[in-house]
Every structure is written in C-alpha cells, then in structure tokens.
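Inside the fold
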Amino acid sequence: MTITANSQLSNVFSQNLEPITSKTDGSLATLGAELVYTQDGAGHYLTFCWQHSELLGLNTEKVVDELNQTQTFAPVDKVTYSERLHRILTSLVPERFQCWFSYHQELFELDLVISPIMPSLGTTATTVLAMGRLVQATLNKKQVPVAAKMPTQIELAIRSQQHQKMVNRITRNIRRTLDLDIIWQQTVDSLGKALRLERCIICPYQSSSSKVDVKAEYHQAELKSMLGLEIDIASEPAFAQALTTLEPVVMEVPGYAQSGRQKTLVIATCYQDQANGLVALSWRDDCYTLTESELELAKEAADQLGTAIAHATLYEELEVARQKAEEASRLKSEFLANVSHEIRTPLNGMIGFLKLILEGMADDPEEQNQFLSEAHNLSIHLLNIINDILDIAKIEAGKMELTYAPVKLDELFHDVENFMRPQAEMRNLSFQMQMPPTSDEIIVQSNYQRLLQVMLNLVGNAIKFTHEGGVTVSADLVLKKANFQDQQFPGMVKVRVADTGIGVSLDKQDKLFQLFSQVDGSRTRHYGGTGLGLAISQKLVEAMGGEVHFYSLGEGLGSTVTFTVPLYQQPVMVSSNDSDSTNSAEC
C-alpha cells in the first residue's frame, strides 16, 4: 500500500527540512542530495545523511553506529546489492538503479547513483558514495506497492549479460558431469540467485507415475524447505498443464511463499517432446519483476536440463546393463569352471575303475564286479549332469516340450523314497515322507518324469546340505480352484521338502533361482554339483502350472522348499475335521 498524503512520512515531502548529517562527515550535507551515504565493500555505513532520519527515529548523533549495529535500514535483496557494490569497486564505473530498502515495518524504493571513491594511484577502491532520493514507500513490509517498477534499460542490459553467463555456466556444469543430483542442485542454485527467486524446485517426472518428488531446491532462509516432498500432479493445475502442453505456465500461487504478491512459473523439462521433469520458480513481484526475456531464459535452462536428464538416465541404464553383463559373464565363467569340475570328477573315476579291470588289478571276480558297479554309478552321475545342462539349454531356448497326464502321488513318493532313503541313511539322517490322510488316491495333472526329476533334485539338495537331523517330505491339499492350460482344476497339491541343514542367509536367498548364480561358489565346490538344480526345478514346475518357493531363517537354521502342481481330481478326505483344515490352507 502506497503512503497517503495524510501520513507522517508523506508530509516530509512538503516540508523544507535542513539536512541532518552524521558526525563522521558534515560535508555530506553540502552535496545537496536528499540521501547521501558512503559504504565500504561489505556494505557497512561509513557516513550517512538523509533528510528524513529524525522521522524514522534515527539518532542523528550516532546514526552510523546505529545503522551498522542494528542493520535496520538495509536493502531487501542484500545479495544483489552486495554484488553490485563489488562490481562498482572492481570496474570503477558508477551505476544508477532503483532498489528497495526496508526499515522495521516500512519499505522504501530509492533511486540511487553509486560511484566508487577513486583511490590513490597504485591502490584499489574500497569505498563507494551513494546519492539518491525516495521514489515511494509502503507502511507495511508485508504489503506491496500498487505497481511494481519495471527495470530500466541499463538494468535490463546488465541483467541480460548476467543471465547469459548463467545459462553458459549451467550448460558447462551439465557437460562436466552425468550425476543428476549435482546437475539438479547447481541448476536451482543458479536460477535462484540470478533471478532473485523466493524458491526454485526441480522434480523428475515419469509418465507412469501420478506424483513427483522434490529432488533439488533453492529457497530464501525464511521459507520452509520442500525438499523430499511428494506432490500429487492432479492437485497442482500448473504442473498438470505444463506437462500436457510442454509450455511455461505462470500463476499466482500464495502457498509457495509467505508474503507479498507471489508468482510461480512452472516449466516442464523434456527430451524429444517427452516430459521428464518439472521446474517451479517462485518470486515476489513487488521487489523484482521478471521480464519476458528472463522467462525465456528460464525456459532455455529447462531445455538444457531436460536433455541432461535424458542423457544421464540413458547413461545410468547403460551402466546398469554393463554391470549386469559383467556379472553374467563372471557367473557363467564360474559356472563353467564348476561344471568342468563336476564332469571331470566322475569321468576320472570311470576311467580309473575301468583301467584297474583292464590291467588285471582286481583280485577276484567279486572285486571286479565292484569296480564295474562303481564305474556304472559314476556314469549315471555323469549322465545326470549332462542331462541338467541339456535341460537348462532347452529351457533357455524355449524348446522344452512336456506332455501331461494324471500322476498318482503315492507312486511318485514311493519312487522318490526308494532313490533317496539309502542316501539319507548313509549319512545317518532321518528320512520321512508324509501323505495327506485320504480314503482314495491323490492324483495330480503333470509329467511324471519331470515331476520325479524335480523331487529328486530338491530332496537330493536337502540331503547334501544336511549334516545332522533329517529330511521330511510332505504333501498338503489346497482345495482352491486353479486354471492351467485352459482347464480348471479343483485345487493344488503343495509338496514340502524340509531339512535341518546349513540354511541360507536372508540376503542371499534371491540368488537361489537365478541361472548361473550360486549363493556361494566355494560352497558349491565343497559340496559338489552344478548349481542348476533349483533353477531347473523352478522352470519345470512353472511349466507344469505350479510355483516354487524357498524359505530359510538364516545360516544354520535349515531350509524348506515348496512347490505346487494342479490336482487332477478332488480326493475324499478321511474326516471332516481334516477337510475343514485343508480348506482353510493357503497356497
């Protein structure tokens, strides 16, 4: 609000007051200006003379000390004012401009001419002389003038030079690094200082999300930070419009600052006409009016930023892809080393036993048959390794073809027990197999050979990695309708293989089902095996319409692997209690 003619300060303009000077330099009054003062490069007053000092409550005897101690009469934009003083002292060129000063609850717009006090030969300038007059004033700092004063041509020229340097600096910074955090912060800092903003924020944007996060921010000290804030695009019309049109949007948004007439410019950063971020700039229009050229400047900076975001994102994606490729190459090399060892071990054994027989080293026919039996067992083991490798190759190539037919679960469990119980007993482990209590057979829809392969893999792993305790294989019915291959089945059978073995730490369990990835390469070499068992089992179970899950509470706490297969027909349960408990089971 501009001061009216009835106010105390307005009456000053009609009075013929004698200038009141500071004790430090009485000669200032002789210059004839309404306001005269001198300052050093830091902005400290050295002398001060203003016709209206007494009406402002300034002690004329100690005006300089009071101003420097309290800093009550100071520029509103201290940073820009300080930069101007430094420029004048460096260039030794006077400048004329209009600037807002604050004093308690009043604002004063001053028309000033600041000149360097020329130093003696061989020294640098350290002091400036300011002369000026009052243009207008407001009674309350939180109120603004009726109309903001447009910058002069000189100011526009100076600001244009400064802004061009800023754009060049932003461009250089972007080219120096692909670190988005650094690019974002440098950009908001440059825009905030150059355009004298209240606040400047940057939010990266993805078309798949309806919200954006504030990743970088510049703001005045009195404002609360918005860094890290999540913003719903639908609740901010300016954000939505900028993203839709890719054109700058200027709005008056009081929420971005605490006082004065606030304006906010929202610009969408984009690359190849695709938005990838938002820049929001907020400023007080009473103290600094952004010109059209400065709005274009902000748009140019946003364009540079959009390109930088795209390039940095692409670089990050390429870097992630490179790391994945290197990791895959390392894992495959480790896998090939393990497989080579696994193939060589049984092959060497076969060659050794056969050589003993050929060289007549067997003492009697019984020992010769023992050598042949060992060689035969090793050949079966070698065949299983080769089959695993061939299976995984077929799966990866998408050429694994399975035929499905009804499979009796008790026959499957019987065959698994015949294969696995002797191995468990050789290691002094308990071995239990449990079937659900039903009065008729449990039949699943699957491929018998592949289902047997899965169970032998899982039970074999459980025995191999268990030193004491035992292994338990059980099955439960999950009577919840399931669809597979355009058929509906009455439920699923969940098979559980639990052991008391070495377990797996929580942070390594995600590697168990990855091809060529092993929880611990040294552990695999210690226990033997290619590390393909779980990966093959998972692929086969998924191909048969089921799921595989692994559970372990950590190293030394045992492991449990479960898998499901479709139930061909619903069996009759032994009791209603068992049926009720089965119906409540979860897959």
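Basis of the calculations
Residues numbered from 1 in each chain as written. Predicted model: local features only at pLDDT ≥ 70, side-chain atom pairs only at ≥ 80, totals over all residues. Heavy atoms only, no water. Phe/Tyr/Trp six-rings, centres within 6.5 Å; stacked < 30°, edge-to-face > 60°. Helix = DSSP H or I, 4+ residues; strand = E, 2+ residues; numbered from the N terminus. Buried < 20%, exposed > 50% of the residue type's maximum accessible area, 1.4 Å probe, protein only. Lys NZ or Arg CZ within 6 Å of the ring centre and 35° of its normal. Expected span 1.5 Å × (residues − 1). Polar contact = N/O pair within 3.5 Å; in protein donor to acceptor, adjacent residues only side chain to side chain. Axes fitted to C-alpha atoms, helices over the stretch in contact; angles between N-to-C directions. Left-handed = near helix turned anticlockwise from the far one by under 90°. Contact = heavy atoms within 4.5 Å. Nonpolar A, V, L, I, M, F, W, Y, C, P; charged D, E, K, R; others polar. Core = buried A, V, L, I, M, F, W, Y, C linked by side-chain atoms within 4.5 Å. Pairing = 2+ DSSP bridges. Salt bridge = Lys/Arg side-chain N within 4 Å of Asp/Glu carboxyl O. Disulfide = S-S within 2.5 Å. Lys, Arg positive; Asp, Glu negative; His and termini not counted. pLDDT = per-residue confidence, 0-100.

A full pass over the atoms with the stated rule returns nine aromatic pairs. Geometrically, the ring pair formed by Tyr 81 and Phe 101 is edge-to-face, given 5.7 Å between the ring centres and 85° between the ring planes. Here Tyr 81 is found in helix α3 (residues 78-91), whereas its partner Phe 101 is found in strand β4 (residues 95-103), with 20 residues between them in sequence. Across the pair, Phe 101 and Tyr 81 agree in class, each one buried. Centre to centre, the rings of Tyr 404 and Phe 484 are 5.5 Å apart; their planes meet at 85°, and the pair counts as edge-to-face. Of this pair, Tyr 404 sits in the loop between α8 (365-397) and β14 (405-408) while Phe 484 is found in strand β18 (residues 482-484), placing the two residues 80 residues apart along the sequence. Its relative accessible area of 13% is what places Phe 484 among the buried residues. Through a chain of ring-to-ring contacts, three or more aromatic side chains come together here, namely Tyr 37, Tyr 45, Phe 48, Trp 50, Phe 73, Tyr 81 and Phe 101. The residue whose ring lies beneath Arg 84 is Phe 97, and the NZ or CZ to ring-centre distance is 3.8 Å.

Moving on to helix α10 (residues 448-464). The end-to-end C-alpha distance of α10 is 24 Å, a good match for the 24 Å that 17 residues give at a rise of 1.5 Å each. Of all 17 residues making up α10, twelve are buried, and the element is well covered by its neighbours. Taken residue by residue, α10 has Arg 450, Leu 451, Leu 452, Gln 453, Val 454, Met 455, Asn 457, Leu 458, Val 459, Gly 460, Ala 462 and Ile 463 as its buried positions. Here α10 starts with a cap whose side-chain oxygen sits 3.3 Å from the backbone nitrogen of Gln 449, and that cap is Asn 447.

Turning our eyes to something else, we now look at the packing of α10 against helix α12 (residues 533-543). Packing of α10 against α12 leaves a shortest axis separation of 9 Å and a crossing angle of 145°. α10 and α12 meet at a crossing whose hand is left-handed. Facing α10, whose interface residues are Arg 450, Gln 453, Val 454, Asn 457, Leu 458 and Asn 461, α12 presents Gly 533, Leu 534, Ile 536, Ser 537, Leu 540 and Val 541. Per-class residue counts for the contact of α10 with α12 are six nonpolar, five polar and one charged.

Here we take up the nonpolar core. By size, the foremost hydrophobic cluster in this structure holds 44 residues, and its most contacted members are Phe 431, Val 473, Val 493 and Phe 563. Only α9 (409-426), β15 (430-434), α10, β17 (470-478), β20 (491-499), α12, β21 (548-551) and β22 (559-569) provide two or more residues apiece to this core. With eight residues, the single largest contributor to this core is α10. When sequence neighbours within four positions are dropped, the list of residues in contact with Val 493 reads Leu 409, Ile 442, Val 444, Ala 475, Asp 476, Leu 477, Phe 563, Thr 564, Val 565 and Leu 567. In terms of nonpolar packing, the next biggest core, distinct from the first, is built from 25 residues, Tyr 37, Trp 50, Ala 125 and Ala 130 among them.

With that settled, the discussion passes to the environment of Gln 432. With respect to the helices and strands, the residue Gln 432 is situated in strand β15. We classify Gln 432 as partly exposed; its relative accessible area is 38%. Along the primary structure Gln 432 and Val 471 are separated by 39 residues, whereas in three dimensions their C-alpha atoms are 6.5 Å apart. Not counting residues within four places of it along the chain, the set of residues in contact with Gln 432 comprises Val 471, Thr 472 and Val 473.

Once that is clear, we can look at the sheet that holds strand β11 (residues 249-251). Strand pairing within a sheet occurs via backbone hydrogen bonds; the two strands may be parallel or antiparallel. Within the open sheet, the five strands sit side by side as β9-β7-β13-β12-β11. Their pairing is antiparallel. Where the open sheet ends on each side, the last strands, each with one partner, are β9 (216-219) and β11. Between one strand and the next, the sheet's axes are offset by a mean angle of 15°, whatever the strand orientation. In terms of strand pairing, strand β12 (residues 262-271) meets strand β13 (residues 274-284) through ten bridges, oriented antiparallel. Of the residues in β13, the one forming a bridge with Gln 262 is Arg 284.

Turning next to the pattern of salt bridges. Applying the stated criterion across every chain, the model contains eleven salt bridges. Across the salt bridge formed by Glu 417 and Arg 421, the nearest N and O atoms sit 2.5 Å from each other. With Glu 417 and Arg 421 both in helix α9, this residue pair falls four residues apart, about one helical turn. In this structure Glu 417 comes out as partly exposed when scored by relative accessible area, which is 25%.

Quick look at the state of the cysteines now. This structure, assessed with the given rule, holds zero disulfides. The closest cysteine sulfur to the non-disulfide-bonded Cys 200 is located on Cys 203, 9.8 Å from its own sulfur.

Within the secondary structure, Glu 34 is located in the loop between α1 (8-11) and β1 (35-40). The side chain of Glu 34 is buried and forms no salt bridge, while Arg 133, the nearest opposite charge, is found at 6.8 Å. At 2.9 Å, the side chain of Glu 34 forms a polar contact with the backbone nitrogen of Leu 134.

Here the focus is the pairing of β4. Counting buried residues in β4 gives eight out of nine residues, a clear majority hidden from the surface. As defined by bridge partners, strand β3 (residues 73-75) adjoins β4 across three bridges and the pair is classed as antiparallel. If you follow Pro 75 over to β4, its bridge partner there is Phe 101. Here nine bridges tie β4 to strand β5 (residues 106-116), and the two strands are oriented antiparallel to one another. In the sheet register, Gln 98 faces β5, and the bridge partner there is Asp 111.

With 75% of its residues at a pLDDT of 70 or more, the protein has an overall mean of 77. This model gives residues 140-149 a pLDDT under 50, and the stretch forms 32 contacts once residues within four places in sequence are excluded.

What follows concerns the environment of Glu 109. Its place among the elements puts Glu 109 in strand β5. Each C-alpha atom, one on Glu 109 and one on Leu 134, is 6.1 Å from the other, the two residues being 25 residues apart in sequence.

Attention now moves to unusual backbone geometry. The residue Gln 272 is not glycine, and still its phi comes out positive at about 55°. Within the secondary structure, Gln 272 sits in the loop between β12 and β13. A relative accessible area of 64% places Gln 272 in the exposed class. Positioned with a positive phi, Asp 486 is a non-glycine residue whose angle comes to about 60°. If you trace the backbone, Asp 486 turns up in the loop between β18 and β19 (487-489).

Moving on to α3. In this model α3 runs 20 Å from its N-terminal to its C-terminal C-alpha over 14 residues, within 8% of the 20 Å that 1.5 Å per residue would give. Of all the positions in α3, only Thr 80, Tyr 81, Arg 84, Leu 85, Ile 88 and Leu 89 are classed as buried. One or two positions beyond α3, positive phi appears at Leu 92, with a value near 60°.

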